[in-house]
Amino acid sequence: MEQRNGRRLILLPLPLQGHMNPMLELANILYFKGFSITIIHTSFNSLNPSTHPHFTYHLISDNLSESEAVEKDLLLLISHLNRKCYEPFRECFASLVSDASKEPVACLISDPVFDFTQSVAESLKIPRIMLRTGSASFTAVISAFPLLQGKGYIPKLDSRLGEPVTEFSPLRVKDLPVINSSDPERFFKLVHNLTYQTKASYGFIFNTFEDLEQHALATLRKEFHIPIFPIGPFHKCVPATTSTSRFLSQDWSCISWLNTQAQKSVIYVSFGSIATLDEAQFLEIAWGLANSKQPFLWVVRPGSISGSDWLEPLPSGFHETLNGRGHIVKWAPQKEVLAHQSVGVFWTHSGWNSTLESICEGVPMICTPFFGDQMLNARYASDVWEVGLHLENGLERGEIERAIRSLMMEKKGDQMRDRLSKIKEKANICLRQGGSSYQSLNDLVDHILSLESLALIKHD
Ligand code: UDX
(Lines give C-alpha, C1' and ligand atoms only; values in the text may rest on other atoms or scores of the structure.)
Protein backbone atom coordinates (compact mmCIF):
# COMPACT_ATOMS: atom_id res chain seq x y z
CA MET A 1 0.00 0.00 0.00
CA GLU A 2 1.42 3.37 -0.99
CA GLN A 3 1.17 6.56 1.09
CA ARG A 4 -2.08 8.56 0.82
CA ASN A 5 -1.55 11.22 -1.82
CA GLY A 6 -4.21 13.69 -0.72
CA ARG A 7 -6.37 13.29 -3.84
CA ARG A 8 -9.80 11.81 -4.26
CA LEU A 9 -11.22 9.92 -7.22
CA ILE A 10 -14.93 9.70 -7.88
CA LEU A 11 -16.06 6.55 -9.67
CA LEU A 12 -19.37 5.92 -11.38
CA PRO A 13 -19.78 2.25 -12.33
CA LEU A 14 -22.53 0.95 -14.60
CA PRO A 15 -24.69 -1.26 -12.34
CA LEU A 16 -24.28 -4.48 -14.37
CA GLN A 17 -22.10 -7.30 -13.04
CA GLY A 18 -19.63 -7.43 -15.95
CA HIS A 19 -19.07 -3.66 -15.65
CA MET A 20 -19.20 -3.37 -11.86
CA ASN A 21 -16.55 -6.04 -11.18
CA PRO A 22 -13.74 -4.38 -13.15
CA MET A 23 -14.67 -0.91 -11.81
CA LEU A 24 -14.38 -2.14 -8.22
CA GLU A 25 -11.14 -3.91 -8.99
CA LEU A 26 -9.83 -0.67 -10.49
CA ALA A 27 -11.00 1.22 -7.40
CA ASN A 28 -8.95 -1.16 -5.24
CA ILE A 29 -5.90 -0.81 -7.45
CA LEU A 30 -6.03 2.99 -7.25
CA TYR A 31 -6.74 2.91 -3.52
CA PHE A 32 -3.57 0.88 -3.04
CA LYS A 33 -1.79 3.55 -5.09
CA GLY A 34 -2.70 6.19 -2.50
CA PHE A 35 -5.98 7.72 -3.74
CA SER A 36 -9.13 8.10 -1.66
CA ILE A 37 -12.06 6.48 -3.42
CA THR A 38 -15.64 7.71 -3.57
CA ILE A 39 -18.17 5.57 -5.41
CA ILE A 40 -21.45 6.91 -6.67
CA HIS A 41 -23.83 3.99 -7.08
CA THR A 42 -27.44 3.62 -8.16
CA SER A 43 -30.33 2.11 -6.24
CA PHE A 44 -30.68 -0.36 -9.15
CA ASN A 45 -28.21 -3.14 -8.26
CA SER A 46 -26.86 -1.02 -5.42
CA LEU A 47 -23.59 -1.95 -3.73
CA ASN A 48 -23.08 -3.24 -0.24
CA PRO A 49 -20.59 -0.78 1.32
CA SER A 50 -19.41 -3.38 3.84
CA THR A 51 -17.65 -5.34 1.06
CA HIS A 52 -15.23 -2.45 0.52
CA PRO A 53 -15.27 -0.45 3.76
CA HIS A 54 -12.21 1.57 2.74
CA PHE A 55 -14.28 3.43 0.11
CA THR A 56 -16.84 6.20 0.62
CA TYR A 57 -20.24 5.60 -0.98
CA HIS A 58 -23.00 7.85 -2.25
CA LEU A 59 -26.24 6.24 -3.30
CA ILE A 60 -28.26 8.04 -5.98
CA SER A 61 -31.86 7.25 -6.49
CA ASP A 62 -32.47 6.26 -10.11
CA ASN A 63 -36.25 6.10 -9.65
CA LEU A 64 -36.63 3.19 -12.07
CA SER A 65 -40.20 1.97 -12.02
CA GLU A 66 -40.83 -1.69 -11.15
CA SER A 67 -41.22 -2.61 -14.81
CA GLU A 68 -38.12 -0.62 -15.86
CA ALA A 69 -36.00 -2.36 -13.22
CA VAL A 70 -36.81 -5.80 -14.66
CA GLU A 71 -36.49 -4.73 -18.30
CA LYS A 72 -35.07 -7.64 -20.34
CA ASP A 73 -34.19 -5.46 -23.34
CA LEU A 74 -30.66 -4.52 -22.26
CA LEU A 75 -30.45 -1.41 -24.43
CA LEU A 76 -33.81 -0.17 -23.19
CA LEU A 77 -32.63 -0.71 -19.60
CA ILE A 78 -29.48 1.28 -20.37
CA SER A 79 -31.59 4.02 -21.88
CA HIS A 80 -33.77 4.17 -18.71
CA LEU A 81 -30.65 4.34 -16.56
CA ASN A 82 -29.19 7.16 -18.63
CA ARG A 83 -32.38 9.15 -18.55
CA LYS A 84 -33.06 8.68 -14.86
CA CYS A 85 -29.55 8.86 -13.41
CA TYR A 86 -28.45 12.08 -15.08
CA GLU A 87 -30.02 14.58 -12.67
CA PRO A 88 -29.33 12.66 -9.41
CA PHE A 89 -25.75 12.09 -10.54
CA ARG A 90 -25.24 15.77 -11.43
CA GLU A 91 -26.48 16.89 -8.02
CA CYS A 92 -24.44 14.31 -6.12
CA PHE A 93 -21.28 14.93 -8.12
CA ALA A 94 -21.55 18.73 -7.77
CA SER A 95 -21.92 18.50 -4.01
CA LEU A 96 -18.94 16.12 -3.74
CA VAL A 97 -16.76 18.37 -5.86
CA SER A 98 -17.59 21.41 -3.73
CA ASP A 99 -17.09 19.63 -0.41
CA ALA A 100 -14.09 21.43 1.06
CA SER A 101 -13.91 19.13 4.08
CA LYS A 102 -12.54 16.27 1.91
CA GLU A 103 -9.48 15.91 -0.32
CA PRO A 104 -9.77 17.70 -3.68
CA VAL A 105 -11.24 15.61 -6.51
CA ALA A 106 -8.53 14.72 -9.03
CA CYS A 107 -10.89 13.23 -11.60
CA LEU A 108 -14.05 11.30 -12.36
CA ILE A 109 -13.66 7.74 -13.62
CA SER A 110 -16.80 6.55 -15.36
CA ASP A 111 -18.16 3.87 -17.61
CA PRO A 112 -18.75 5.22 -21.12
CA VAL A 113 -22.13 3.50 -21.32
CA PHE A 114 -23.36 6.34 -19.11
CA ASP A 115 -23.78 9.03 -21.73
CA PHE A 116 -24.06 12.11 -19.48
CA THR A 117 -20.81 12.07 -17.55
CA GLN A 118 -18.83 14.11 -20.07
CA SER A 119 -21.15 17.11 -19.96
CA VAL A 120 -21.48 17.02 -16.16
CA ALA A 121 -17.72 16.73 -15.59
CA GLU A 122 -17.03 19.47 -18.09
CA SER A 123 -19.53 21.85 -16.51
CA LEU A 124 -17.75 21.41 -13.17
CA LYS A 125 -14.26 21.57 -14.73
CA ILE A 126 -13.34 18.12 -13.45
CA PRO A 127 -11.31 15.90 -15.78
CA ARG A 128 -12.84 12.56 -16.67
CA ILE A 129 -11.19 9.24 -17.48
CA MET A 130 -13.03 6.28 -18.96
CA LEU A 131 -12.85 2.68 -17.90
CA ARG A 132 -13.49 0.52 -20.96
CA THR A 133 -14.60 -2.79 -19.51
CA GLY A 134 -14.36 -4.74 -22.79
CA SER A 135 -11.23 -5.68 -24.72
CA ALA A 136 -9.05 -3.24 -26.66
CA SER A 137 -9.93 -5.15 -29.85
CA PHE A 138 -13.63 -4.54 -29.18
CA THR A 139 -12.98 -0.81 -28.74
CA ALA A 140 -10.98 -0.75 -31.98
CA VAL A 141 -13.85 -2.39 -33.87
CA ILE A 142 -16.51 -0.19 -32.29
CA SER A 143 -14.57 2.95 -33.22
CA ALA A 144 -14.42 1.74 -36.82
CA PHE A 145 -18.20 1.34 -37.09
CA PRO A 146 -18.66 4.17 -39.61
CA LEU A 147 -16.12 2.43 -41.88
CA LEU A 148 -17.73 -0.99 -41.34
CA GLN A 149 -21.15 0.46 -42.08
CA GLY A 150 -19.78 2.16 -45.20
CA LYS A 151 -18.43 -1.20 -46.41
CA GLY A 152 -21.84 -2.78 -45.93
CA TYR A 153 -20.77 -5.25 -43.19
CA ILE A 154 -23.23 -3.58 -40.82
CA PRO A 155 -26.16 -4.05 -40.42
CA LYS A 156 -25.27 -7.72 -40.74
CA LEU A 157 -26.98 -9.47 -43.64
CA ASP A 158 -27.63 -13.20 -43.35
CA SER A 159 -26.03 -13.70 -46.77
CA ARG A 160 -22.72 -12.15 -45.59
CA LEU A 161 -22.33 -13.60 -42.09
CA GLY A 162 -19.43 -15.91 -43.04
CA GLU A 163 -17.55 -13.23 -44.98
CA PRO A 164 -14.15 -12.16 -43.60
CA VAL A 165 -13.86 -8.58 -42.35
CA THR A 166 -10.50 -7.93 -43.98
CA GLU A 167 -9.87 -4.76 -41.95
CA PHE A 168 -10.08 -6.79 -38.75
CA SER A 169 -8.75 -10.23 -39.56
CA PRO A 170 -9.65 -12.90 -38.43
CA LEU A 171 -13.13 -11.51 -37.69
CA ARG A 172 -16.04 -12.49 -39.86
CA VAL A 173 -19.19 -10.45 -40.33
CA LYS A 174 -21.03 -12.66 -37.82
CA ASP A 175 -18.45 -11.76 -35.15
CA LEU A 176 -19.09 -8.01 -35.34
CA PRO A 177 -20.69 -6.62 -32.18
CA VAL A 178 -24.44 -6.33 -31.98
CA ILE A 179 -27.06 -6.16 -29.21
CA ASN A 180 -30.61 -6.84 -30.29
CA SER A 181 -33.29 -4.45 -29.10
CA SER A 182 -36.89 -3.57 -29.88
CA ASP A 183 -35.43 -0.49 -31.60
CA PRO A 184 -32.28 -1.39 -33.63
CA GLU A 185 -31.24 2.28 -33.65
CA ARG A 186 -30.48 2.05 -29.92
CA PHE A 187 -27.43 -0.09 -30.62
CA PHE A 188 -25.99 2.37 -33.14
CA LYS A 189 -26.61 5.21 -30.69
CA LEU A 190 -24.76 3.28 -27.99
CA VAL A 191 -21.79 2.62 -30.29
CA HIS A 192 -21.66 6.26 -31.36
CA ASN A 193 -21.82 7.38 -27.75
CA LEU A 194 -19.06 4.97 -26.64
CA THR A 195 -16.68 6.47 -29.18
CA TYR A 196 -17.72 10.04 -28.44
CA GLN A 197 -17.39 9.58 -24.68
CA THR A 198 -13.97 8.02 -25.11
CA LYS A 199 -12.63 10.68 -27.50
CA ALA A 200 -13.80 13.46 -25.20
CA SER A 201 -12.06 11.98 -22.15
CA TYR A 202 -8.63 12.65 -20.66
CA GLY A 203 -7.62 9.06 -21.17
CA PHE A 204 -8.92 5.54 -20.99
CA ILE A 205 -8.10 2.49 -19.00
CA PHE A 206 -8.28 -1.11 -20.18
CA ASN A 207 -8.49 -4.36 -18.30
CA THR A 208 -6.00 -6.00 -20.65
CA PHE A 209 -2.24 -6.25 -21.15
CA GLU A 210 0.16 -5.41 -23.98
CA ASP A 211 1.22 -8.94 -24.79
CA LEU A 212 -2.37 -10.05 -25.23
CA GLU A 213 -3.66 -7.19 -27.38
CA GLN A 214 -0.62 -5.42 -28.73
CA HIS A 215 -2.05 -4.90 -32.20
CA ALA A 216 -5.39 -3.44 -31.09
CA LEU A 217 -3.68 -1.19 -28.56
CA ALA A 218 -1.33 0.12 -31.24
CA THR A 219 -4.31 0.81 -33.53
CA LEU A 220 -6.10 2.71 -30.77
CA ARG A 221 -3.01 4.75 -29.93
CA LYS A 222 -2.80 5.85 -33.56
CA GLU A 223 -6.47 6.73 -33.73
CA PHE A 224 -7.15 8.37 -30.36
CA HIS A 225 -4.81 11.13 -29.39
CA ILE A 226 -5.33 10.63 -25.70
CA PRO A 227 -3.42 8.44 -23.27
CA ILE A 228 -4.34 4.75 -23.06
CA PHE A 229 -3.57 2.68 -19.98
CA PRO A 230 -3.70 -1.12 -20.32
CA ILE A 231 -3.12 -2.06 -16.68
CA GLY A 232 -4.75 -5.47 -16.45
CA PRO A 233 -5.47 -8.17 -15.67
CA PHE A 234 -7.12 -6.24 -12.83
CA HIS A 235 -8.13 -9.22 -10.72
CA LYS A 236 -4.51 -10.31 -10.46
CA CYS A 237 -3.40 -6.87 -9.20
CA VAL A 238 -5.52 -6.78 -6.06
CA PRO A 239 -5.53 -9.14 -3.09
CA ALA A 240 -8.32 -11.73 -3.38
CA THR A 241 -9.93 -10.53 -0.14
CA THR A 242 -10.66 -7.11 -1.68
CA SER A 243 -12.42 -8.74 -4.57
CA THR A 244 -15.63 -7.85 -6.32
CA SER A 245 -19.26 -7.06 -5.69
CA ARG A 246 -22.05 -9.49 -6.43
CA PHE A 247 -25.69 -9.03 -7.16
CA LEU A 248 -26.32 -12.75 -6.57
CA SER A 249 -24.87 -14.56 -3.59
CA GLN A 250 -22.16 -17.08 -4.34
CA ASP A 251 -22.76 -20.73 -3.62
CA TRP A 252 -19.55 -22.02 -2.04
CA SER A 253 -20.83 -25.61 -1.94
CA CYS A 254 -19.32 -25.97 -5.39
CA ILE A 255 -15.79 -25.68 -3.97
CA SER A 256 -16.41 -28.60 -1.58
CA TRP A 257 -17.84 -30.54 -4.53
CA LEU A 258 -14.81 -29.67 -6.70
CA ASN A 259 -12.56 -30.92 -3.88
CA THR A 260 -14.00 -34.41 -4.43
CA GLN A 261 -13.24 -34.48 -8.17
CA ALA A 262 -10.11 -35.63 -10.00
CA GLN A 263 -7.58 -33.12 -11.24
CA LYS A 264 -8.58 -31.24 -14.43
CA SER A 265 -11.62 -33.48 -14.86
CA VAL A 266 -14.46 -30.94 -14.45
CA ILE A 267 -16.08 -28.79 -17.08
CA TYR A 268 -17.20 -25.48 -15.56
CA VAL A 269 -20.19 -23.97 -17.40
CA SER A 270 -21.31 -20.37 -16.99
CA PHE A 271 -22.77 -17.89 -19.44
CA GLY A 272 -22.23 -14.75 -17.37
CA SER A 273 -24.69 -12.34 -15.85
CA ILE A 274 -26.99 -11.37 -18.73
CA ALA A 275 -27.28 -14.06 -21.43
CA THR A 276 -30.52 -16.04 -21.55
CA LEU A 277 -31.45 -19.40 -23.12
CA ASP A 278 -34.66 -20.82 -24.43
CA GLU A 279 -35.87 -24.13 -23.07
CA ALA A 280 -34.71 -26.14 -26.09
CA GLN A 281 -31.15 -24.76 -25.83
CA PHE A 282 -31.12 -25.43 -22.10
CA LEU A 283 -32.07 -29.07 -22.65
CA GLU A 284 -29.45 -29.55 -25.39
CA ILE A 285 -26.82 -28.25 -22.95
CA ALA A 286 -28.10 -30.52 -20.17
CA TRP A 287 -27.98 -33.64 -22.37
CA GLY A 288 -24.70 -32.67 -24.00
CA LEU A 289 -23.15 -32.42 -20.54
CA ALA A 290 -24.77 -35.62 -19.29
CA ASN A 291 -23.79 -37.60 -22.39
CA SER A 292 -20.17 -36.43 -22.24
CA LYS A 293 -19.85 -38.50 -19.03
CA GLN A 294 -17.49 -35.84 -17.63
CA PRO A 295 -18.14 -34.21 -14.26
CA PHE A 296 -19.54 -30.70 -14.62
CA LEU A 297 -20.24 -27.66 -12.49
CA TRP A 298 -22.99 -25.60 -14.09
CA VAL A 299 -24.13 -22.08 -13.16
CA VAL A 300 -27.80 -21.59 -14.04
CA ARG A 301 -28.89 -18.10 -13.01
CA PRO A 302 -32.49 -17.95 -11.78
CA GLY A 303 -34.62 -16.52 -14.59
CA SER A 304 -32.00 -17.16 -17.29
CA ILE A 305 -34.18 -19.77 -19.05
CA SER A 306 -37.16 -18.16 -20.74
CA GLY A 307 -40.41 -19.05 -19.06
CA SER A 308 -38.82 -20.76 -16.03
CA ASP A 309 -37.77 -19.76 -12.56
CA TRP A 310 -34.81 -22.11 -12.44
CA LEU A 311 -34.36 -25.80 -13.33
CA GLU A 312 -38.00 -26.77 -13.97
CA PRO A 313 -37.43 -27.77 -17.64
CA LEU A 314 -35.03 -30.59 -16.63
CA PRO A 315 -36.84 -33.91 -17.11
CA SER A 316 -37.52 -35.93 -13.99
CA GLY A 317 -34.80 -38.51 -13.53
CA PHE A 318 -32.13 -36.27 -15.07
CA HIS A 319 -30.19 -35.93 -11.82
CA GLU A 320 -30.27 -39.69 -11.27
CA THR A 321 -28.72 -40.34 -14.71
CA LEU A 322 -25.74 -38.21 -13.67
CA ASN A 323 -24.81 -40.41 -10.76
CA GLY A 324 -23.25 -37.49 -8.85
CA ARG A 325 -21.30 -36.26 -11.87
CA GLY A 326 -23.09 -32.90 -12.03
CA HIS A 327 -23.39 -29.98 -9.63
CA ILE A 328 -25.70 -27.06 -10.48
CA VAL A 329 -25.62 -23.71 -8.66
CA LYS A 330 -27.27 -20.31 -9.10
CA TRP A 331 -24.04 -18.31 -8.90
CA ALA A 332 -20.48 -19.47 -8.27
CA PRO A 333 -17.34 -17.87 -6.88
CA GLN A 334 -16.00 -17.95 -10.45
CA LYS A 335 -12.43 -16.84 -9.90
CA GLU A 336 -11.94 -19.46 -7.19
CA VAL A 337 -13.61 -22.08 -9.38
CA LEU A 338 -11.34 -21.35 -12.34
CA ALA A 339 -8.31 -21.50 -10.05
CA HIS A 340 -9.37 -24.90 -8.68
CA GLN A 341 -7.18 -27.83 -9.69
CA SER A 342 -10.20 -29.98 -10.64
CA VAL A 343 -11.40 -27.62 -13.37
CA GLY A 344 -10.19 -28.72 -16.81
CA VAL A 345 -12.34 -26.68 -19.21
CA PHE A 346 -14.49 -23.54 -19.02
CA TRP A 347 -17.57 -23.49 -21.25
CA THR A 348 -18.20 -19.77 -21.43
CA HIS A 349 -20.26 -17.08 -23.17
CA SER A 350 -16.96 -15.26 -23.80
CA GLY A 351 -17.71 -12.15 -21.76
CA TRP A 352 -14.47 -10.20 -21.45
CA ASN A 353 -14.07 -10.71 -17.69
CA SER A 354 -14.64 -14.44 -17.99
CA THR A 355 -12.22 -14.70 -20.90
CA LEU A 356 -9.46 -12.93 -18.99
CA GLU A 357 -10.13 -14.91 -15.82
CA SER A 358 -9.88 -18.18 -17.76
CA ILE A 359 -6.68 -17.11 -19.50
CA CYS A 360 -5.11 -16.10 -16.19
CA GLU A 361 -5.84 -19.53 -14.70
CA GLY A 362 -4.71 -21.38 -17.81
CA VAL A 363 -8.11 -23.02 -18.43
CA PRO A 364 -9.01 -23.83 -22.08
CA MET A 365 -12.44 -22.61 -23.19
CA ILE A 366 -15.42 -23.79 -25.16
CA CYS A 367 -16.96 -20.58 -26.48
CA THR A 368 -20.67 -19.98 -26.99
CA PRO A 369 -21.03 -16.24 -27.50
CA PHE A 370 -24.46 -14.63 -27.27
CA PHE A 371 -24.30 -10.89 -28.00
CA GLY A 372 -22.30 -7.65 -27.85
CA ASP A 373 -18.54 -8.17 -27.73
CA GLN A 374 -18.80 -11.89 -26.99
CA MET A 375 -18.61 -13.08 -30.63
CA LEU A 376 -15.44 -11.07 -31.10
CA ASN A 377 -13.90 -12.37 -27.86
CA ALA A 378 -14.73 -15.94 -28.89
CA ARG A 379 -13.05 -15.45 -32.29
CA TYR A 380 -9.92 -14.12 -30.60
CA ALA A 381 -9.91 -17.01 -28.12
CA SER A 382 -10.24 -19.60 -30.88
CA ASP A 383 -8.37 -18.11 -33.86
CA VAL A 384 -5.83 -15.66 -32.43
CA TRP A 385 -4.72 -16.97 -29.05
CA GLU A 386 -5.86 -20.52 -29.93
CA VAL A 387 -7.01 -21.25 -26.41
CA GLY A 388 -10.69 -21.91 -27.07
CA LEU A 389 -12.95 -24.04 -29.21
CA HIS A 390 -15.70 -22.00 -30.82
CA LEU A 391 -19.08 -23.79 -30.91
CA GLU A 392 -20.25 -22.09 -34.07
CA ASN A 393 -23.18 -24.22 -35.15
CA GLY A 394 -25.61 -23.58 -32.35
CA LEU A 395 -26.35 -25.71 -29.33
CA GLU A 396 -26.81 -29.37 -30.23
CA ARG A 397 -26.15 -32.17 -27.76
CA GLY A 398 -23.96 -34.30 -30.10
CA GLU A 399 -21.78 -31.35 -30.98
CA ILE A 400 -21.48 -30.34 -27.33
CA GLU A 401 -20.43 -33.83 -26.35
CA ARG A 402 -17.78 -33.89 -29.10
CA ALA A 403 -16.42 -30.48 -28.08
CA ILE A 404 -16.11 -31.55 -24.45
CA ARG A 405 -14.42 -34.80 -25.33
CA SER A 406 -12.01 -33.15 -27.73
CA LEU A 407 -10.78 -30.71 -25.05
CA MET A 408 -10.88 -33.20 -22.18
CA MET A 409 -9.53 -36.33 -23.82
CA GLU A 410 -7.69 -35.42 -26.99
CA LYS A 411 -4.45 -33.56 -27.69
CA LYS A 412 -6.27 -30.34 -28.49
CA GLY A 413 -6.91 -29.55 -24.82
CA ASP A 414 -3.27 -30.14 -23.85
CA GLN A 415 -2.05 -28.00 -26.74
CA MET A 416 -4.31 -25.18 -25.53
CA ARG A 417 -3.03 -25.63 -21.97
CA ASP A 418 0.55 -25.27 -23.25
CA ARG A 419 -0.31 -22.04 -25.05
CA LEU A 420 -2.20 -20.79 -22.02
CA SER A 421 0.68 -21.42 -19.68
CA LYS A 422 2.83 -19.12 -21.86
CA ILE A 423 0.18 -16.38 -21.93
CA LYS A 424 -0.40 -16.78 -18.21
CA GLU A 425 3.31 -16.30 -17.58
CA LYS A 426 3.23 -13.13 -19.70
CA ALA A 427 0.28 -11.87 -17.66
CA ASN A 428 2.26 -12.45 -14.48
CA ILE A 429 5.35 -10.74 -15.87
CA CYS A 430 3.46 -7.66 -17.04
CA LEU A 431 2.27 -6.99 -13.48
CA ARG A 432 5.73 -7.24 -11.93
CA GLN A 433 8.07 -4.31 -11.52
CA GLY A 434 9.20 -3.21 -14.98
CA GLY A 435 6.33 -5.07 -16.71
CA SER A 436 4.01 -3.26 -19.15
CA SER A 437 0.92 -3.10 -16.91
CA TYR A 438 3.02 -2.17 -13.89
CA GLN A 439 4.54 0.70 -15.85
CA SER A 440 1.20 1.72 -17.33
CA LEU A 441 -0.34 1.88 -13.87
CA ASN A 442 2.44 4.18 -12.67
CA ASP A 443 1.86 6.32 -15.79
CA LEU A 444 -1.84 6.42 -14.98
CA VAL A 445 -1.16 7.61 -11.43
CA ASP A 446 1.19 10.34 -12.72
CA HIS A 447 -1.36 11.30 -15.34
CA ILE A 448 -4.16 11.65 -12.80
CA LEU A 449 -1.96 13.73 -10.52
CA SER A 450 -1.10 16.03 -13.44
CA LEU A 451 -4.72 16.48 -14.52
CA GLU A 452 -5.47 19.52 -12.37
CA SER A 453 -3.12 21.69 -14.41
CA LEU A 454 -4.25 20.10 -17.69
CA ALA A 455 -7.89 20.76 -16.85
CA LEU A 456 -7.18 24.41 -16.17
CA ILE A 457 -5.40 24.78 -19.53
CA LYS A 458 -8.19 22.97 -21.41
CA HIS A 459 -10.94 25.11 -19.85
CA ASP A 460 -9.20 28.51 -20.15
C1 UDX B 1 -21.28 -8.37 -19.89
C2 UDX B 1 -21.10 -8.87 -21.32
O3 UDX B 1 -21.79 -10.09 -21.42
C4 UDX B 1 -19.64 -9.02 -21.62
O5 UDX B 1 -19.49 -9.51 -22.91
C6 UDX B 1 -18.95 -7.71 -21.45
O7 UDX B 1 -17.57 -7.86 -21.74
C8 UDX B 1 -19.16 -7.20 -20.03
O9 UDX B 1 -20.55 -7.16 -19.74
P10 UDX B 1 -21.21 -10.58 -18.30
O11 UDX B 1 -22.26 -11.33 -19.00
O12 UDX B 1 -21.49 -10.19 -16.92
O13 UDX B 1 -20.69 -9.26 -18.98
O14 UDX B 1 -19.85 -11.47 -18.43
P15 UDX B 1 -18.38 -11.24 -17.97
O16 UDX B 1 -17.74 -10.06 -18.62
O17 UDX B 1 -17.68 -12.51 -18.19
O18 UDX B 1 -18.49 -10.91 -16.41
C19 UDX B 1 -19.08 -11.80 -15.52
C20 UDX B 1 -18.42 -11.63 -14.16
O21 UDX B 1 -19.23 -12.30 -13.20
C22 UDX B 1 -17.04 -12.25 -14.11
O23 UDX B 1 -16.17 -11.40 -13.37
C24 UDX B 1 -17.24 -13.56 -13.36
O25 UDX B 1 -16.16 -13.95 -12.55
C26 UDX B 1 -18.44 -13.25 -12.49
N27 UDX B 1 -19.23 -14.47 -12.26
C28 UDX B 1 -19.91 -15.08 -13.27
C29 UDX B 1 -19.26 -14.99 -10.98
O30 UDX B 1 -18.62 -14.45 -10.06
N31 UDX B 1 -20.01 -16.11 -10.75
C32 UDX B 1 -20.71 -16.73 -11.72
O33 UDX B 1 -21.38 -17.72 -11.41
C34 UDX B 1 -20.68 -16.19 -13.02
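Residues numbered from 1 in each chain as written. Predicted model: local features only at pLDDT ≥ 70, side-chain atom pairs only at ≥ 80, totals over all residues. Heavy atoms only, no water.

Chemist: Can you break down the overall build of the chain residue by residue, with the values?
Modeler: Per the secondary structure count, the chain includes 17 helices and 13 strands. Its C-alpha atoms give the chain a radius of gyration of 22 Å, within 12% of the compact-globule value 23 Å for 460 residues. Each of the three principal axes of the chain carries a C-alpha extent, and together these read 70 × 50 × 50 Å. Looking at the 460 residues of the chain, the share that counts as buried comes to 57%. Across the chain, contacts joining residues at least 24 apart in sequence account for 71% of those joining residues at least 6 apart. Here the chain displays about 18900 Å² of accessible surface, and carbon together with sulfur accounts for 51% of that area. Both charge centroids of the chain, one from 43 positive and one from 49 negative side chains, sit 4 Å from each other. (Helix = DSSP H or I, 4+ residues; strand = E, 2+ residues; numbered from the N terminus. Rg over C-alpha atoms; globule rule 2.2 N^0.38 Å. Buried < 20%, exposed > 50% of the residue type's maximum accessible area, 1.4 Å probe, protein only. Contact = heavy atoms within 4.5 Å. Areas by Shrake-Rupley, 256 points an atom, 1.4 Å probe, with all protein chains shown as cover. Lys, Arg positive; Asp, Glu negative; His and termini not counted. Charge placed at Lys NZ, Arg CZ, Asp CG, Glu CD.)

Chemist: Pulling in residues and values, what's your account of the domain arrangement of the chain?
Modeler: For the chain, the domain assignment lists domain 1 (8-245 + 433-459) and domain 2 (253-427). Inter-centroid distance (C-alpha atoms) of domain 1 to domain 2 is 27 Å. In this complex, domain 1 contributes 35 residues to the contact, which on the side of domain 2 involves 28 residues. Between domain 1 and domain 2 lies a buried interface of about 2600 Å² when both sides are counted; carbon and sulfur atoms form 64% of it. If you look at where domain 1 meets domain 2, you find 5 salt bridges. The partner of arginine 379 in a salt bridge is aspartate 175, with the nearest N and O atoms 2.6 Å apart. Of all the elements in the fold, those that place two or more residues in the side of domain 1 that touches domain 2 are helix 1 (17-32), helix 5 (136-143) and helix 8 (210-223). (Domains from an automatic or database assignment. Buried area = accessible area lost by both parts, 1.4 Å probe. Salt bridge = Lys/Arg side-chain N within 4 Å of Asp/Glu carboxyl O.)

Chemist: Quick one: what's the story with unusual backbone geometry, residue by residue and with numbers?
Modeler: With an omega of 5 degrees, the peptide bond between serine 169 and proline 170 qualifies as cis. By the element assignment, proline 170 lies in the loop between helix 6 (145-150) and helix 7 (185-199). Here the bond from glycine 232 into proline 233 is cis, since omega is -5 degrees, no more than 30 degrees from zero. Looking at the element boundaries, proline 233 is found in the loop between strand 7 (228-230) and helix 9 (253-259). Look at asparagine 63: it is not a glycine, yet its phi comes out positive at around 55 degrees. Take asparagine 63: it is sitting in the loop between strand 3 (56-60) and helix 2 (66-69).

Chemist: Got a sec to walk through the site of the ligand? Specific residues and values, please.
Modeler: In the neighbourhood of the ligand, 21 residues make up the surrounding shell, with Ser273, Ala332, Ser354, Asp373 and Gln374 lying closest. Here an oxygen atom of the ligand sits 3.3 Å away from a polar atom, N or O, in the side chain of glutamine 334. Between an oxygen atom of the ligand and a main-chain N or O atom of tryptophan 352, the distance comes to 3.2 Å. Protein chains shield 96% of the accessible area of the ligand, which is 650 Å² for the free molecule. Looking at side-chain class alone, the shell around the ligand contains 6 nonpolar, 13 polar and 2 charged residues. (Near = heavy atom within 4 Å. Polar contact = N/O pair within 3.5 Å; in protein donor to acceptor, adjacent residues only side chain to side chain. Nonpolar A, V, L, I, M, F, W, Y, C, P; charged D, E, K, R; others polar.)

Chemist: Describe the sheet that holds strand 3, with residues and values.
Modeler: Taken together, 7 strands build an open sheet; the order of strands is 3-2-1-4-5-6-7 and the sheet is parallel. One side of each edge strand has no neighbouring strand; the edge strands of this open sheet are strand 3 and strand 7. Strand after strand, the sheet turns through a mean of 20 degrees between neighbouring axes, direction not considered. Examined bridge by bridge, strand 2 (residues 36-42) and strand 3 share 5 bridges and lie parallel to one another. Bridge pairing links threonine 42 to isoleucine 60 in strand 3. Across the face of the sheet, helix 1 comes into contact with strand 1 (8-12), strand 2, strand 4 (105-110), strand 5 (128-132) and strand 6 (204-206) while running at roughly 165 degrees to strand 2. (Pairing = 2+ DSSP bridges. Axes fitted to C-alpha atoms, helices over the stretch in contact; angles between N-to-C directions.)

Chemist: Outline the side chain of serine 265, listing residues and values.
Modeler: The residue serine 265 is located in the loop between helix 9 and strand 8 (266-270) in this model. Ignoring sequence-local partners within four residues, the contact set of serine 265 consists of Gln294, Pro295, Ser342, Gly344 and Met408.

Chemist: So, the side chain of serine 304: which residues are in play, and what are the values?
Modeler: Relative to the elements of secondary structure, serine 304 occurs in the loop between strand 9 (296-299) and helix 11 (318-322). Separated by 2.7 Å, the side chain of serine 304 and the backbone oxygen of arginine 301 make a polar contact. Residues in contact with serine 304, not counting those within four places in the same chain, are Ala275, Thr276 and Leu277.

Chemist: Would you mind going over the sheet that holds strand 11 (residues 343-348) in detail, with residue names and values included?
Modeler: Consider a sheet: its strands pair through backbone hydrogen bonds, and that pairing is either parallel or antiparallel. Taken in spatial order, the 6 strands line up as 10-9-8-11-12-13 in an open sheet, and their pairing is parallel. At either margin of the open sheet sits one strand with a lone partner, and together these are strand 10 (326-329) and strand 13 (388-390). Averaged over all adjacent pairs, the angle separating strand axes in this sheet is 15 degrees, with direction ignored. In this fold helix 14 (residues 374-384) packs onto strand 12 (365-367) and strand 13, with an angle of close to 125 degrees to the strand it touches most, strand 13.

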